[in-house]
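# Per-entry structural report
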Amino acid sequence: EAKLVANPGCYPTSCILGLAPLIQNKLIDLTTIHCDSKSGVSGAGRTMTSGNMFCEANESLKAYKVGEHRHTPEIEQGLSLLAGQSVQITFVPHLIPMDRGILSTLYAQNSSKRISAQLHDVYKEFYQKEPFVRIRDLGSFPSTQEVHMTNFCDIGVTVDSRTGRSIVVSVIDNLTKGASGQAVQNMNLMMGFPESTGLF
């Protein structure tokens, strides 16, 4: 019924989709969420700065906007809506030498003891009716190349039994699922079209 929709940002998309099953099922301690995200140079914006030029970013890896990235409030807003309470996270973005793609590795302390197979089942059930979220087989983790120029978000999950933490790897193409493809998906929902129209 919405007349206006703000298209989610690319980092928030990878982080929120990766964490949503954990939060909605109350499986983690909400005070322990860490989001370590890496983006191709197209994700750093269109501003012409030397740091955003591929020839400068190539053969290098750097963290940027640490503790002050503009997408942090959007991630926290989405997670807070899922949790039904205020959620604060640690979010650190990195620039890596590739054209496009985002890989987010997400960590949180489990609220109770569980094993990887149980966590995997939670994710499979949570996203079973979502055409653009693909859960990897247990023990398998996605790469950005596998979602290149698609509207998919691929997710791999495990439990670190030594530390009792859930670890989630979430990948998207920042220019498609993180932008244009997701905008078409939102338009389809607003207009009453099948969600995948024009996206397969």
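Up top you'll find the structure we're talking about.
A brief look at the structure comes next. (Residues numbered from 1 in each chain as written. Predicted model: local features only at pLDDT ≥ 70, side-chain atom pairs only at ≥ 80, totals over all residues. Heavy atoms only, no water.)

### With respect to the overall build of the protein chain
For clarity, the cut-off: A run of H or I in DSSP counts as a helix once it spans at least four residues, and a run of E counts as a strand once it spans at least two, with each numbered from the N terminus. Note that the radius of gyration is over C-alpha atoms, with the globule rule given as 2.2 Å times the number of residues to the power 0.38. Only protein chains enter the calculation, and the probe is 1.4 Å; a residue is then buried if its accessible area is under 20% of its type maximum, exposed if over 50%, and partly exposed in between. Here a residue-residue contact requires only that any non-hydrogen atoms of the pair lie within 4.5 Å. Accessible surface is estimated by sampling points in the Shrake-Rupley manner with a 1.4 Å probe; for residues, cover comes only from the protein chains shown. For the purpose of counting charges, residues Lys and Arg are taken to be positive, whereas Asp and Glu are taken to be negative. His and the chain ends are not included. Positions of charges follow a simple convention, taking NZ of Lys, CZ of Arg, CG of Asp or CD of Glu.
Scanning the protein chain from N- to C-terminus turns up five helices and seven strands. Along the protein chain, helices and strands appear, N-terminal first, in the series α-β-α-β-α-β-β-α-β-β-β-α. A compact globule built from 200 residues should have a C-alpha radius of gyration of about 16 Å, and the protein chain, at 17 Å, falls within 12% of that. In terms of its C-alpha atoms, the protein chain occupies a principal-axis envelope of roughly 50 × 45 × 30 Å. Counting every position in the protein chain, which comprises 200 residues, the buried fraction comes to 46%. A sequence separation of at least 24 residues applies to 72% of the contacts in the protein chain between residues at least 6 apart. For the protein chain, the exposed area adds up to about 10600 Å²; of that, 53% sits on carbon and sulfur atoms. Across the protein chain, the 17 positively charged side chains and the 18 negatively charged ones have centroids separated by 2 Å.

### A word on helix α5 (residues 176–191)
Operational definition: What a helix is expected to span follows from its residue count: subtract one and scale by 1.5 Å. Take the seven residues that end at a residue and the seven that start at it, fit an axis to each, and the angle between those axes is the bend at that residue.
Taking 1.5 Å per residue, 16 residues should reach 22 Å; α5 reaches only 20 Å between its end C-alpha atoms and comes up short. The sharpest bend along α5 measures roughly 45° and falls at Gln-182. Those residues of α5 that fall on the buried side of the exposure criterion are Thr-176, Lys-177, Gly-178, Gly-181, Gln-182, Gln-185, Asn-186 and Asn-188. Of the surrounding secondary structure, the elements contacted by the buried residues of α5 are α1 (10–24) and β7 (165–172). Just downstream of α5 lies Gly-192, where phi reads positive at about 80°.

### Description of unusual backbone geometry
Of note in this structure, Lys-65 is not a glycine but carries a positive phi near 50°. Along the chain, Lys-65 falls in the loop between β2 (62–63) and α3 (72–83). In this structure Lys-65 comes out as partly exposed when scored by relative accessible area, which is 47%.

### Topic: helix α4 (residues 116–126)
Counting along an α-helix, one turn takes 3.6 residues, and residues three or four places apart therefore face a common direction. What counts here: This arc corresponds to the set of directions leading from the helix axis out to the C-beta atoms.
Along α4, the residues classified as buried are Ser-116, Leu-119, His-120 and Tyr-123. Projected down its long axis, α4 carries its buried residues within an arc of 100°, all on one side.

### Focus: the state of the cysteines
Rule in force here: Here, a disulfide means two cysteine sulfur atoms that sit within 2.5 Å of each other.
This structure, assessed with the given rule, holds zero disulfides. Lacking any disulfide linkage, Cys-10 is separated from the closest cysteine sulfur, that of Cys-15, by 9.6 Å. For Cys-10, a relative accessible area of 9% puts it in the buried group. Cys-153 carries a free sulfur, and the closest cysteine sulfur to it, the one in Cys-15, is 9.8 Å from it.

### A look at the nonpolar core
Note on soluble globular proteins: their nonpolar side chains tend to be buried together. Quick reminder of the rule: Grouping buried Ala, Val, Leu, Ile, Met, Phe, Trp, Tyr and Cys residues that are joined through side-chain atoms within 4.5 Å yields what is termed a nonpolar core.
Counting 37 residues, the largest nonpolar core has Ile-33, Leu-79, Tyr-123 and Ile-155 as its most contacted members. For this core, the secondary structure elements donating two or more residues are α1, α3, β3 (90–95), β4 (102–109), α4, β5 (133–135), β6 (153–160) and β7. Counting residues per element, this core draws most heavily on α1, at nine residues. When neighbours within four sequence positions are excluded, Leu-79 is seen to be in contact with Ile-16, Leu-19, Ile-23, Ile-33, Val-87 and Ile-89. Counting residues in hydrophobic clusters, the runner-up holds six residues, among them Phe-132, Val-147, Val-169 and Leu-199.

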